Structures are given as structure tokens and as C-alpha cells.
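Structural features, examined
So you can see what is in the structure, the chains are spelled out below.
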Amino acid sequence: MMNQYPQALTIAGSDSDGSAGMQADLHTFQALKVHGASVITACVAGNSYGIHDSVTMPLSFINQEFKDLADDYQIRAAKTGMLGDSDLINTVVDNYQQYDFGPLVVDPVIITKHGAMLLEQSAFDTLKTKLIPLATVITPNFYEAQKLADMEINNDHDMLTAAEKLRNMGARNVMVKGRHDSDDQEEVKDLVLLENGDTFWLTGKYFGTDRKNGTGDTLSAGIAAELAKGNSVTEAIKVAKAYVDRAIQNEILVGHKFGPINHWATEDID
Ligand SMILES: Nc1ncnc2c1ncn2[C@@H]1O[C@H](COP(=O)(O)OP(=O)(O)O)[C@@H](O)[C@H]1O
Ligand SMILES: Cc1ncc(COP(=O)(O)OP(=O)(O)O)c(N)n1
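Rules and cut-offs
- Residues numbered from 1 in each chain as written.
- Chains lettered and ligands numbered in written order.
- Predicted model: local features only at pLDDT ≥ 70, side-chain atom pairs only at ≥ 80, totals over all residues.
- Heavy atoms only, no water.
- UniProt positions renumbered as here; feature names shortened; annotations may be inferred.
- 1 Å grid on protein atoms, 1.4 Å probe; cavity = no way out; pocket = protein on both sides within 12 Å on 5 of 7 lines; lining within 4 Å.
- Points joined across faces, edges and corners; volume = space filled by probe spheres on them.
- Nonpolar A, V, L, I, M, F, W, Y, C, P; charged D, E, K, R; others polar.
- Near = heavy atom within 4 Å.
- Polar contact = N/O pair within 3.5 Å; in protein donor to acceptor, adjacent residues only side chain to side chain.
- Areas by Shrake-Rupley, 256 points an atom, 1.4 Å probe, with all protein chains shown as cover.
- Helix = DSSP H or I, 4+ residues; strand = E, 2+ residues; numbered from the N terminus.

In the nomenclature of an unreviewed UniProt entry, the chain is known as Hydroxymethylpyrimidine/phosphomethylpyrimidine kinase of Nicoliella lavandulae. In its Sequence similarities (unreviewed entry) section, the UniProt entry covering the chain states "Belongs to the ThiD family."

Here it is in C-alpha cells:
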């Protein structure tokens, strides 16, 4: 009998150095034993020193990618990553509403941890009003949560308020990722607000390294992979978080500066 693997979809940008974007998503799908399909929205040219150029895909091409997958594959969950501008978001939303690709994890990619803008400011409203209401889970980082909730986050209570604001925009479950920008900190704390109003915190040891590109993409792809297997949102988030933790804490030497996390970490340790 042929092996069967659940199928998941990443709707994201390509990152040429393989550290983030769609490449990180596909590494994650592979490691978590899910077949990864992709709708490519944009391409960025870059390496471990930074991003140097980007282009977006023609909207007609994106429509065709969706159609071809819907015609043939059985996608059980999807995630969005870099969407670039308002037209792209609208195209993704229209296609997602037309086809059945299962639960949707929205990683509201706005800016990389090294400061490259990956979403036009003029698209923030479209993101909030069109895409967020489709999210089964949304995974903003600290900066994105502040931008989307239009508030400053200074403490745990603020994180919860921001999560509630995002849920009021229509996201069913929200994971607000905590700060990790100071070598003085000992832990990182992410907050999860579930559809039923329950909350829990995920804490992990802060790991000081330059080799941590793609953490957010990996986390959201991990959640999508586990949802494609039929796991609950809570289980999916916990598995994805554990995967990212291992990938950060077992550095690999790829690139000369800000390198990728380690997608072999679970294999190497087990
Ligand atoms: N240096 C670090 N040490 C430990 N955990 C980290 C570190 N950096 C990020 N994480 C974790 O990685 C996950 C992805 O978050 P984050 O890096 O904030 O996303 P993004 O790439 O979207 O900015 C979160 O669970 C976060 O807590
Ligand atoms: C094409 C592309 N998409 C997304 C990112 C950002 O990746 P993310 O994992 O959200 O953030 P970093 O950890 O890389 O900052 C990217 N760089 N390229």
C-alpha cells in the first residue's frame, strides 16, 4: 500500500537564502511529515546579510496556482506568509473563499526581525478587514500585534488586550509572540487566546544567537502542519512551539551573518 501524508499549503513569498518565507515553511512541513504545496506570492532576493530586492507575482498567476491545487490536491490546512500589498491580499482572500483548503493560519508578516518591510503600509487595512476574519489562528509577533491592535504593549495585560482586539477583528484563535530582543532576558513568553476565551502562556528559554531567521514562518507552518493532521489548535500550537524551540537552540552554520534555524534539530536529537 502506498504511504499517505496529509497535505498542507503555504501561501507565501520565496526567500532566496532558504532561511525564511516559503522555504522555511516547506522545511517545516517536511520535518513534521506533511506534504507541502505552495502558492508563491512574491520573491525576495537576499542572504544572511539582508534582503536586497523583491518582486510580486502576477495576480493571474496566483489565481492559476490556487486553481491547479484545488483541481487535484486535498489540502487540509494552509498558512499565509508574505503577501506584500493590498491587491495580493484581496486575491488570496478571494481564492481562499472559493476553494476548501481547511483551517487557515495567518502569519501577518509585516517586517523581518532585521527591519525589512514585507508589507506595504497601505495594505494594513485590507489585512485587518479581509484576511484576519478568515484566520483560524493568527500569529503576530510583538511588533505586528502592536501595529494591528493599534496600541503599545508594555506588559502581560497589554498582550492580552491586543489578543482580544485581534479576536474582535474576526480571528478565531490568537497567539501573540512575546519580545525576544534583549540578551538580558532569560525567557520568552507567548500568549494564546483561544476561541472559547481560555488563555495560556507558552514560555521558553531565551536563546541568544544570530542564527534565528525564519522563526515566525516556522511556527505558523508548524501549526498548519499539525492542523492538517487533524490536531486541535492547542495541540498544534504546542507542537509547533516545541519544534521552533529545538530549531533555535541547536544552531547550524549556514551563511556568514544572520543564518537560518535548524530544521534537522528534531532528527538530530531523537
Ligand atoms: N531568541 C529566541 N529564543 C527563544 N525563543 C525565541 C527566540 N526568538 C524567537 N523565539 C520564539 O520563536 C517563535 C517565533 O516568534 P518570532 O520570532 O517573534 O516571530 P517572527 O519571526 O514573526 O518575528 C516564538 O514562539 C518566539 O517566542
Ligand atoms: C519571503 C519572506 N517571508 C517572510 C519573511 C520573514 O520571516 P519570519 O519568519 O516572519 O521572520 P524572521 O524570523 O525571518 O524575521 C522573510 N524574511 N522572507
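**Looking at empty space enclosed by the protein**
Counted under the stated rule, the structure contains 1 cavity of 30 Å³ or more. Of the volumes computed, that of the largest cavity is approximately 40 Å³. Together, Thr80, Gly81, Leu83, Ile89, Val106, Asp107, Pro108, Val109, Leu119, Leu127 and Leu131 line the largest cavity. Classifying every residue of the lining of the largest cavity gives 8 nonpolar, 2 polar and 1 charged.

**Topic: the site of ligand 1**
Close contacts around ligand 1 come from 14 residues, with Asn141, His180, Asp190, Phe207 and Thr215 the closest. In the model, an oxygen atom of ligand 1 is placed 2.7 Å from a nitrogen or oxygen of the histidine 180 side chain. Glycine 216 is positioned such that a nitrogen or oxygen atom in its backbone is 2.8 Å from an oxygen atom of ligand 1. Compared with its free state, where it exposes 550 Å², ligand 1 has 95% of that area covered by protein. Elements supplying a minimum of two residues to the shell around ligand 1: strand 8 (187–193), helix 7 (215–228) and helix 8 (233–249). Taken together, the residues of the shell around ligand 1 sort by class into 5 nonpolar, 4 polar and 5 charged.

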